[in-house]
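If you want the building blocks of each chain, they are given just below.
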Amino acid sequence: MKIIMLGAPGAGKGTQAKMIAEKYSIPHISTGDIFRANIKNGTQLGMEAKKYMDQGLLVPDELTVKILLDRVAQADCAGGYVLDGFPRTIPQAKVLDHALEEIGDKIDFAINVDVPDENIIKRMGGRRACLSCGATYHIEHIPPKKEGICDSCGKELVLRDDDKPETVKNRLDVYHQQTQPLIDFYQAKGILKTVDGTVDMKDVFAAITAILD
Ligand code: ADP
Ligand code: ADP
Ligand code: ZN
């Protein structure tokens, strides 16, 4: 099963993608996590990507597409995957489509996690991320067992640089301009499924599994 997660920054794509990956035993692929790992390791790609990410802008398609296509070509992706944060532009979606067509394959579902902008702004300030293992928490809604510490790996949790309010506003603008058109793109293909992302994470997940099962 090949799944794409759509939705604004902070809609809960990552939170749901991790649960989907576990339930259906498929890899969770987050381009944001890949970039952050590269920044942490000080790679050339990381340094280039950081320039855009810190401003809330998208990393150029030339950089992003290659990384994603390399990742989905790996052996663990043969049985499917859940993409979180890719595609984010129509050109990215078209490249993915063509790459899949070439191997006689296609995306099965595009799950749109719908959350209005007002809720997003409130959520982002409370997000805490583990840059070591990619786990995400929320100080009020989804707190870690021990404040400031990752449940999964014990490392310190941080407020991401791009989750500061000024940057979140830019990211939402970028989302509306460049990513939201993907909703119509996948609707036209007949694989778009929209779920209400404002409810409790367990209820969002129940709505998603009802679609996938
Ligand atoms: P969120 O989950 O909050 O939307 P991500 O971790 O998906 O954030 O992405 C963080 C940043 O990484 C984005 O703001 C963007 O700069 C960059 N990025 C991630 N995925 C892509 C992509 N597919 N295309 C371009 N930039 C991307
Ligand atoms: P995205 O990957 O779309 O950027 P995340 O999964 O990182 O979004 O979620 C953004 C923030 O909202 C995180 O702090 C996360 O813990 C929290 N969150 C996720 N789902 C819910 C939910 N259903 N209700 C409340 N908060 C949520
Ligand atoms: Zn961790």
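The structure contained in this document is the topic of the report that follows. This is a predicted model, so every value here is computed, not measured. (Residues numbered from 1 in each chain as written. Chains lettered and ligands numbered in written order. Predicted model: local features only at pLDDT ≥ 70, side-chain atom pairs only at ≥ 80, totals over all residues. Heavy atoms only, no water.)

## Some remarks on the coordination of the zinc ion (ligand 3)
Note the cut-off: We call an atom a donor if it is N, O or S and sits within 2.8 Å of the metal, or 3.2 Å for Na, K and Ca. Water is not counted, so some sites may look partial. Working definition: with a 1.4 Å probe on protein chains only, accessible area under 20% of the residue-type maximum means buried, over 50% means exposed, and in between means partly exposed.
Donor atoms from the polypeptide that coordinate the zinc ion (ligand 3) comprise C130 (SG), C133 (SG), C150 (SG) and C153 (SG), at 2.3 to 2.4 Å from the metal. All donors of the zinc ion (ligand 3) come from a single chain, and their spacing in sequence reads C-x2-C-x16-C-x2-C. Assessed through its relative accessible area of 3%, C150 is described here as buried.

## Focus: the packing of helix α7 (residues 165-179) against helix α8 (residues 181-189)
Definition in use: A fitted line through C-alpha atoms represents every axis, and for helices the fit uses only the stretch in contact; the resulting angles, taken between N-to-C directions, go from 0 to 180 degrees. Here a helix means four or more residues in a row that DSSP labels H or I, a strand means two or more in a row labelled E, and each is numbered from the N terminus. Residue contacts follow a heavy-atom distance rule, with two residues in contact if any of their heavy atoms lie within 4.5 Å. When residues are grouped by polarity, Ala, Val, Leu, Ile, Met, Phe, Trp, Tyr, Cys and Pro land in nonpolar, Asp, Glu, Lys and Arg in charged, and all others, Gly among them, in polar.
Where α7 contacts α8, the axes come no closer than 5 Å and their chain directions differ by 35°. Where α7 abuts α8, its residues Y175, H176, Q177, Q178 and T179 lie against P181, L182 and I183. The residue makeup of the contact of α7 with α8, split by class, is 4 nonpolar, 4 polar and no charged.

## Here we look at the site of ligand 2
Rules: Residues are counted as near a molecule or strand when any one of their heavy atoms sits within 4 Å of it. For the purposes of these results, a polar contact is taken to be a pair of N or O atoms within 3.5 Å, where, inside protein, one atom must be able to donate a hydrogen and its partner to accept one; residues adjacent in sequence count only when each atom of the pair is a side-chain atom. Per-residue and other accessible areas were derived by the Shrake-Rupley procedure at a 1.4 Å probe size, with only the shown protein chains allowed to occlude residues.
Neighbouring ligand 2 are 19 residues; G10, T15, R127, Y137 and V199 lie closest to it. Between G10 and ligand 2, the recorded distance is 2.8 Å, taken from a backbone N or O atom to an oxygen atom. At a separation of 2.8 Å, a nitrogen atom of ligand 2 approaches a polar backbone atom of V199. Starting from 560 Å² of accessible surface for ligand 2 in isolation, the protein chains cover 93%.

## Observations regarding the packing of aromatic side chains
Applicable threshold: A pair of aromatic rings is counted whenever rings of Phe, Tyr or Trp (Trp by its six-membered ring) have centres within 6.5 Å, and the orientation is called stacked for planes under 30 degrees apart, edge-to-face for over 60 and tilted otherwise.
With the rule as written, the count across this model stands at 1 aromatic pair. Aromatic pair F185 and Y186: ring centres 5.0 Å apart, planes at 85°, arrangement edge-to-face. The two residues F185 and Y186 agree in class, both being buried.

## Re the environment of V158
Note that V158 resides in the loop between β6 (136-138) and α7. Distance in space between the C-alpha atoms of V158 and T136 is 9.7 Å, their sequence separation being 22 residues. Those residues in contact with V158 that sit more than four places away from it in its chain are R127, R128, A129 and L131.

## With respect to the pattern of salt bridges
Using the following cut-off: Each salt bridge in this description consists of a side-chain nitrogen of Lys or Arg and a carboxyl oxygen of Asp or Glu lying within 4 Å of one another.
For the structure on display, the rule yields 17 salt bridges. Here E48 and K51 are joined by a salt bridge, their closest N and O atoms 3.1 Å apart. Remark: K51 and E48 occur in helix α3 (residues 44-53); sequence separation between them is 3 residues, near one turn of the helix. Taking the shortest distance from any N to any O, the salt bridge between K66 and D70 comes out at 2.9 Å. Residue K66 and its partner D70 are located together in helix α4 (residues 61-72), separated by 4 residues, close to a single helical turn. Taking the relative accessible area as the measure of exposure, D70 reaches 41% and is therefore partly exposed.

## Observations regarding the side chain of T179
Tracing the sequence through the fold places T179 in helix α7. A polar contact is formed between the side chain of T179 and the backbone oxygen of R88, at a distance of 2.8 Å. Aside from chain neighbours lying at most four places away, what touches T179 is P87, R88 and V174.

## So, the environment of H28
Looking at the secondary structure, you find H28 in strand β2 (residues 28-30). Classification of H28 as partly exposed rests on a relative accessible area of 22%. For the pair formed by H28 and F109, sequence separation is 81 residues and the distance between their alpha carbons is 15 Å. When neighbours within four sequence positions are excluded, H28 is seen to be in contact with G14, A17, K18, A21, D33, V82 and D84. For H28, the side chain forms a polar contact with the side chain of D84, separated by 2.9 Å.

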